[in-house]
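Here's the letter readout for the chains.
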Amino acid sequence: MDNKPFTDKVRVTVKAGNGGDGMNSFKAYKGKPACGPDGGDGGDGGSVFILADRNMHDLLAYRFTSKYFAENGERGGSNLCSGKRGGDVILKVPCGTLVRDFETGKIVCDVFEHGEKICLLEGGRGGKGNARFTTARRHAPNFAQKGTLTKPHILILEMKVIADVGLVGFPNVGKSTLLSKISAAKPKIADYHFTTLSPNLGVVQYYDDTFVAADIPGLIEGAAQGAGLGHDFLRHIERTRMLVHVLDMSGMEGRDPLDDFEKINAELRAYSEKLASLPMLVAANKCDCFGAEENLKRFRKKYGKKYDILPLAALKGEGTDALVKACFERLKTLPSQERIPADEDFLLEDGSDLDFEIYRDENGAYTLVGGLIDMLCRNVVMNNPDSMSYFQRVLKKRGVFRALSEAGCKDGDTVVIGETEFEFYQ
Ligand SMILES: Nc1nc2c(ncn2[C@@H]2O[C@H](COP(=O)(O)OP(=O)(O)OP(=O)(O)O)[C@@H](O)[C@H]2O)c(=O)[nH]1
Ligand SMILES: [Mg+2]
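Numbering of residues starts from 1 in each chain and follows the order in which that chain's sequence is written. The naming scheme follows written order: chains are lettered A onward, ligands numbered 1 onward. Owing to the predicted nature of the model, reporting of local features is limited to residues with pLDDT of at least 70; listing and counting of side-chain atom pairs is limited to 80 or more, with chain, interface and lining totals taken over all residues.

### Considering the site of ligand 1
Placing the C-beta atom from the backbone, one calls a residue near a molecule or strand if that atom lies within 6 Å of it. As a structural note, the neighbourhood of ligand 1 is formed by 24 residues, with Gly174, Ser176, Thr177, Thr196 and Gly218 the closest of them. Numbering of helices and strands runs from the N terminus; a helix is a DSSP stretch of H or I covering at least four residues, while a strand is a stretch of E covering at least two. Sort the elements by how many residues they give to the shell around ligand 1 and helix α2 (residues 175-182) lands first, with three residues.

See the structure below:
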């Protein structure tokens, strides 16, 4: 994974497919041009889904294509033929990807487990063909319903790696070396700063159990202000359950490990209180080098009461078993990772879904059709007074009465909603 382009935050535009229009047509035989309504329904538009896939490791694919539009439903045909449903769009993302609405910043969802599939936008509904509007009273409805139109939405996809343990520390202290010793991961290791440019994950085995450790690029003082690679990568350990703070205890680069410890902790605090408050083990690395013993003594004296300090020589694999064991012991006492909850009041919506249209049938009755009317027909019980008063309120609020007046409907005229007919009174 190292040194290839790595993209962990992208902006995409998504749109569900429009519903296909219903067909307005009549059966025709030789000599009998219009025998009966036979317009079929329009097909529903395709939906937009997001799918967590453990084989995805970044969001690079979304950098090159940013528009994902599901197919529109096809128009209904004559002879009662329904239009074809539009194809869906499925956005495959790594496990642990957060979806936000660009406009409001609200959290739409957090796809977490492999195989988890969430519908972000439902396809527009296909309109009903005129054959559907036949009633005992109305034999030849000369109208069909339009399909629902959908709107595009801009979303932010943000990958937050899911690991149990996050390795933090200055560059070159041996974080990647440690990961390579405790797991099968093969991160790039070299004797210079910023060898690691993107997060590496490793599965650590301990008897029958495993945990996932994440190695991120080294931090330096001022990372919160963008120094070095900045603190962007801290996002990936934000949801770990604990941290292992790796230190170069030998101070071979001229820094004091006690100083390093304070500086990195300050950067963690500058990023978020949550991160700074995670349980932390100290991995005192490079204990095979000159100076480490002396520094370790000083370090223990200052921090020994507050932290578990594990001496290590990661390069030789010394002390790594004890560190893995200590991680397991600690993890056992910690809650499992938390999914970031979606903002409760937030749903990606297609406002046009609650539209309505007015037609006049051959008997002069005003017929209402559309998403709003379908919704009301589903929800209203006609002989229940409470339900009826809700029904009236919605019609008023949505401007249906006004629209009826504007269409020429006068007191006493017949209005048809679904299976129900009533007389219009302002
Ligand atoms: N002597 C000694 N050298 C070590 C030890 N652990 C790591 N090193 C060396 O330190 C150098 C840096 O190791 P890395 O694992 O790449 O360090 P890192 O913290 O991942 O560095 P960045 O990715 O740049 O942040 C390499 O040359 C390693 O061989 C150790 O225990 N003892
Ligand atoms: Mg590294």
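Still more to cover.
### Looking at the nonpolar core
The term nonpolar core refers to a group of buried residues, namely Ala, Val, Leu, Ile, Met, Phe, Trp, Tyr and Cys, whose C-beta atoms join them within 7 Å. Buried means a residue has 20 or more other C-beta atoms within 10 Å of its own C-beta, exposed means 12 or fewer, and partly exposed covers the counts in between; C-beta atoms are placed from the backbone. Of all hydrophobic cores here, the largest spans 66 residues; its most connected members are Val99, Leu167, Ala213, Leu247, Ala283, Ala284 and Leu312. Here this core takes four residues from strand β12 (residues 242-248), the largest share from any one element. Delimitation of the domains relies on an automatic or database domain assignment. Domain assignment of the residues forming this core places at least three in each of domain 1 (1-160) and domain 2 (165-332). The contact partners of Ala283, leaving out residues within four places of it in the chain, are Leu178, Val244, His245, Val246, Leu247, Leu310, Leu312 and Leu323. Any two residues are considered in contact once their C-beta atoms, placed from the backbone, lie within 7 Å.

### So, the domain arrangement of the protein chain
Its domain assignment divides the protein chain into domain 1 (1-160), domain 2 (165-332) and domain 3 (354-426). On the side of domain 3, nine residues touch domain 1, which itself brings 11 residues to the contact. Taken together, the residues of the side of domain 1 that touches domain 3 sort by class into four nonpolar, three polar and four charged. Polar here means any residue other than Ala, Val, Leu, Ile, Met, Phe, Trp, Tyr, Cys and Pro, which are nonpolar, and Asp, Glu, Lys and Arg, which are charged; Gly is therefore polar.

### A closer look at unusual backbone geometry
Here the phi dihedral of Leu80 falls at roughly 65 degrees; this positive angle occurs in a residue that is not glycine. Along the polypeptide, Leu80 turns up in the loop between β3 (67-69) and β4 (89-93). A tally of 17 C-beta atoms within 10 Å means that Leu80 is categorised as partly exposed.

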